[in-house]
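Results of the structural survey
If you want the building blocks of each chain, they are given just below.
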Amino acid sequence: MQKNYPPDFTYQDFAPQFTAEFFDAKEWTDIFASSGAKYIVLTTKHHEGFTLWGSKNSWNWNAVDVGPKRDLVGEMASALRAHSSLRLGLYHSLFEWFNPLFQQDADNKFTTNYFPTTKTLPELYEIVTKYKPEVLWSDGDGDAPDTYWNSTGFLAWLYNDSPVRETVVTNDRWGYGSICTHGGYYTCADRYQPGHLLKHKWENCMTIDSRSWGYRRNAPLRDYLTIEQLVSTLVETVSCGGNLLMNIGPTRDGRIAPIFEERLRQMGLWLGTNGEAIYDTTAWRAQNDSLSPNVWYTYKPKENAIFAILLEWPKEGTVILHEPLATQGKTQVALVGHGSLKWEPVKPNGLRVLLPQLSFSQMPCQWAWTLRLTGAT
């Protein structure tokens, strides 16, 4: 702080520096759509309490009163619906680091509820009514129980009387102890990757910058996940029944930095070829291969198709899939984006798939490859 900011600089002094002059919601929508995503989650308010819309309950600490002087949430919601089929999700932090009302309630061991009744709940009702999100991503319980936040009361309204009652989905961060226990889907922890199938729908919320949820102007290249790492994370997450929510940190002037844009567009390129192994799939009876490394499975019930996703291209030109039960004359194997492949049975069970000898330009994609099996169990 002493090196980069003047004396007596406070957190509040950042607000006028948040200008967002280059923010273009339509351009953001194009980038998000190109990634192959089906929904986005925009941070409307994080733990510092600054809202990206003109909150009536956050006077002079919102993007309409100070900084951009714009309703950024409204612009994003409108562009998303006008120019894409993406679903709108909104993130909202329950507590705030610096709010004296929350501090007062915390000092009272949450026997008083001045903060949620005058700040948190009015804002939640406002963003749902005004922007009609189909995903509501709650966070930051401040170690206060759900009764303090009146979470059950709000959720009862959300699911029964709100304008999004027929479509809305919520997560599991609605009070101390609710995470990974109560919710439409579980998040359990930041960057959550259980590595096995869960009984409840879940989401892996993680960051492309491995060390930050925001934008770091001094971040070195090594801190950004490669597209290979991101595809691997997506595949493992979906194989274990989860959704992937990749975080990017925009700049204070409203741009998505080129490295974030590149990663998103690369993911879209991969999904353009391999999306059938991801979209509308479910977890199979085996999540990964028990003997062959870096092989993950997904399943599409409507087509009775098993997908084996290879995170690495085998050097020997073949791969043994030990989990599927194949039948000669019935089971068919194809390399997605290329065509049919030959296979042979192996003992005691499984099949050896003979991979084609392809030049780099002939490969259906560059990072991970999908085998589609039909007629197998």
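Up top you'll find the structure we're talking about.
Residues numbered from 1 in each chain as written. Predicted model: local features only at pLDDT ≥ 70, side-chain atom pairs only at ≥ 80, totals over all residues. Heavy atoms only, no water.

Relative to the elements of secondary structure, Asn171 occurs in the loop between strand 4 (169–170) and strand 5 (202–207). By relative accessible area, which is 0% here, Asn171 ends up buried. Engagement of the side chain of Asn171 in a polar contact is seen with the backbone oxygen of Ser138, the distance being 2.8 Å. (Helix = DSSP H or I, 4+ residues; strand = E, 2+ residues; numbered from the N terminus. Buried < 20%, exposed > 50% of the residue type's maximum accessible area, 1.4 Å probe, protein only. Polar contact = N/O pair within 3.5 Å; in protein donor to acceptor, adjacent residues only side chain to side chain.)

The subject of this paragraph is the nonpolar core. Judged by nonpolar contacts, the single largest core of 105 residues is most densely connected at Phe154, Trp270, Leu321, Val353 and Leu371. Membership of the second largest hydrophobic core comes to seven residues, among which are Trp137, Tyr185, Cys205 and Leu245. (Core = buried A, V, L, I, M, F, W, Y, C linked by side-chain atoms within 4.5 Å.)

Right, let's talk about the pairing of strand 6 (residues 242–247) for a bit. Among the six residues that make up strand 6, five are buried, leaving the element largely enclosed by the rest of the structure. By the bridge criterion, six bridges tie strand 5 to strand 6 in an arrangement that is parallel. Residue pairing for strand 6: Cys205 is matched across the bridge by Leu245. Crossover handedness for the path strand 5 to helix 7 (residues 227–239) to strand 6: right-handed. (Pairing = 2+ DSSP bridges. Right-handed = clockwise from strand over helix to strand, strands pointing away.)

What follows covers the packing of aromatic side chains. The full count for this structure, using the stated rule, is 27 aromatic pairs. When the centroid spacing of 5.6 Å and the interplanar angle of 75 degrees are considered together, the rings of Tyr11 and Phe14 count as edge-to-face. Tyr11 gets classed as partly exposed once you look at its relative accessible area, which sits at 35%. Here the aromatic cluster, defined as three or more aromatic residues joined through ring pairs, consists of Tyr5, Phe9, Tyr11, Phe14, Trp97 and Phe98. (Phe/Tyr/Trp six-rings, centres within 6.5 Å; stacked < 30°, edge-to-face > 60°.)

Right, let's talk about a nonpolar patch on the surface for a bit. A cluster of nonpolar side chains, contributed by Tyr11, Trp97 and Phe98, occupies part of the molecular surface with about 310 Å² of accessible area. Among the secondary structure elements, Trp97 is positioned in the loop between strand 2 (87–93) and helix 3 (100–107). (Patch = residues over 30% accessible without salt bridge, like charges linked within 9 Å, V, L, I, M, F, W, Y side chains within 5 Å. Areas by Shrake-Rupley, 256 points an atom, 1.4 Å probe, with all protein chains shown as cover. Salt bridge = Lys/Arg side-chain N within 4 Å of Asp/Glu carboxyl O.)

Across the sheet, which stays open at both edges, the four strands sit in the order 1-2-3-4 with parallel pairing between neighbours. The two strands at the open ends of the sheet, each matched to only one other strand, are strand 1 (39–45) and strand 4. Note: strand 1 against strand 2, six bridges, orientation parallel. Paired with Thr43 across the strands is Tyr91, a residue of strand 2. The strands touched by helix 4 (residues 114–131) are strand 1, strand 2 and strand 3 (135–139); relative to strand 2, the strand with the most contacts, the crossing angle is about 170 degrees. (Contact = heavy atoms within 4.5 Å. Axes fitted to C-alpha atoms, helices over the stretch in contact; angles between N-to-C directions.)

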